[in-house]
Amino acid sequence: MAHEPKVVAGLSCLDVLARLSELVDGEVSADERAQMAAHVAACDWCDRFGREFAATLDALRAEAAAPPVPTEVGERLLARLAGQAPRV
Amino acid sequence: MTPATADADLLAAAAVGDEEAFAHLVERHGGAVLRYAESLVGSGVGAAEDVLQETFLAAWSAAARFRGEAGARGWLLAITRQKAMRHFRRRAGEPDHLTSLAELGEAAGWAVEEDPADRALRRLDLQAALAALAVEDREILLLRDVEGLSGEEVAALLGLGLAAMKSRLHRARLRLMAAMTPRLKGGTHGA
C-alpha cells in the first residue's frame with residue numbers, strides 16, 4: 001500500500017528522511033529537532049521508519065567489540081617484529 | 001605496563017623498542033584493525049592478515065611520530081586503510097550518488113506500509129547485510145558506527161570533507177536498511 005507523503009510543521013516526509021542521520025547523531029539544533037518531532041508526531045509513517053532507522057543503528061553500534069586477533073595471527077606478527085628497531 | 005596503560009604511553013615505549021608495550025597495543029586494537037582490513041579486502045586467502053601485519057609493522061616503525069590527535073585506534077585504522085589499498089583496487093568513481101534519496105529510502109522500507117511483525121520476520125542478519133554492501137558503504141559504517149570514530153576522524157581518514165562524509169554515511173545507513181529488508185524493494189509511493 002502506498003504512503004501519501006505530507007508536509008507537517010513545514011517539513012515534508014522527504015525532508016525528514018534526508019535528515020534522519022543528523023537527528024540520530026545529535027547534529028540538529030533544538031529548533032530543528034522540535035520541528036522534526038512535530039512532523040513525526042503527526043506522521044505515523046515517518047515515526048515508524050525513524051524508529052526502525054534508529055533501531056538499526058543501535059544494532060550496528062552494539063557490534064562494537066571486535067573479536068581479538070587470533071592467537072596464531074598475533075604470534076606471527078610479533079615474530080616479524082622481533083629484531084626490528086623502530087625508526088625515530 | 002598494565003592493561004590500563006594509555007595508548008600514547010604504549011606507543012612512546014614502543015618507539016624506543018619496547019616489544020611488550022607494542023604487544024599490548026596489538027592485543028588492544030588488533031581485532032579492530034583485522035575487522036577493518038577484512039571489510040576492505042575480504043577475509044579470504046590471508047589478505048586481511050597481510051594488511052594487519054603491514055599495518056602494525058608500519059606502526060612499529062612510526063611509533064615515535066604518533067601525536068595522539070586522533071587517538072591510537074584512528075591512527076592505526078588510517079594506516080590500515082593505506083595498506084589495504086595495495087590489496088584492493090577501488091571501483092572507479094564515487095558510490096551510487098545518482099540514486100535519489102527517495103529511491104534509497106524506498107529500498108530501505110521508507111515508503112512501504114507494512115505490518116511491523118512481517119518486516120521483523122524478514123530482517124536479515126546484520127552481519128549478512130553488512131557483507132552484502134559495497135565496500136565504500138561497509139567501510140564508512142564500520143568506522144563511524146561500529147568503531148565509533150568521530151565524524152571528523154572518519155572524514156579525515158577517508159579524505160572527504162565533513163559534509164560529504166555525512167552524506168555518504170546517511171546513504172550507507174539507508175542501504176544497510178535496504179539490505180536488511182530485501183523484499184521491500186518493489187514498494188514505491190508517488191512522492
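Remember, it's a predicted structure, so these values are computed and weren't measured experimentally. (Residues numbered from 1 in each chain as written. Chains lettered and ligands numbered in written order. Predicted model: local features only at pLDDT ≥ 70, side-chain atom pairs only at ≥ 80, totals over all residues. Heavy atoms only, no water.)

S.K.: Residue-level account of the overall build of chain A, with values.
M.R.: Each helix and strand counted, chain A has five helices and two strands in total. Reading the secondary structure of chain A in the N-to-C direction produces β-β-α-α-α-α-α. Every one of the 88 residues in chain A was classed for burial, and the buried ones make up 32%. Contacts spanning at least 24 positions in sequence make up 67% of the contacts within chain A whose residues lie at least 6 apart. Surface accessibility of chain A: about 4900 Å² in total, with carbon and sulfur atoms responsible for 55%. (Helix = DSSP H or I, 4+ residues; strand = E, 2+ residues; numbered from the N terminus. Buried < 20%, exposed > 50% of the residue type's maximum accessible area, 1.4 Å probe, protein only. Contact = heavy atoms within 4.5 Å. Areas by Shrake-Rupley, 256 points an atom, 1.4 Å probe, with all protein chains shown as cover.)

S.K.: Kindly report on the nonpolar core, identifying the contributing residues and their values.
M.R.: Within the largest apolar cluster, 78 residues are counted, with the highest numbers of intra-cluster contacts made by Phe22(B), Leu141(B) and Leu176(B). Setting aside residues no more than four positions away along its own chain, Leu141(B) makes contact with Leu60(A), Leu130(B), Leu133(B), Val146(B), Leu169(B), Ala172(B), Arg173(B) and Leu176(B). (Core = buried A, V, L, I, M, F, W, Y, C linked by side-chain atoms within 4.5 Å.)

S.K.: Can you tell me about the pattern of salt bridges, naming the residues and giving the values?
M.R.: Within this structure, the stated rule accounts for 14 salt bridges over all chains. One salt bridge in this structure joins Asp25(A) and Arg61(A), with 2.9 Å as the shortest N-O distance. Of this pair, Asp25(A) sits in the loop between helix 2 (20–24) and helix 3 (30–41) while Arg61(A) sits in helix 4 (residues 44–61), and the two are 36 residues apart along the sequence. A single network of salt bridges, built from pairs that share partners, joins Asp25(A), Arg61(A), Asp145(B) and Arg173(B). (Salt bridge = Lys/Arg side-chain N within 4 Å of Asp/Glu carboxyl O.)

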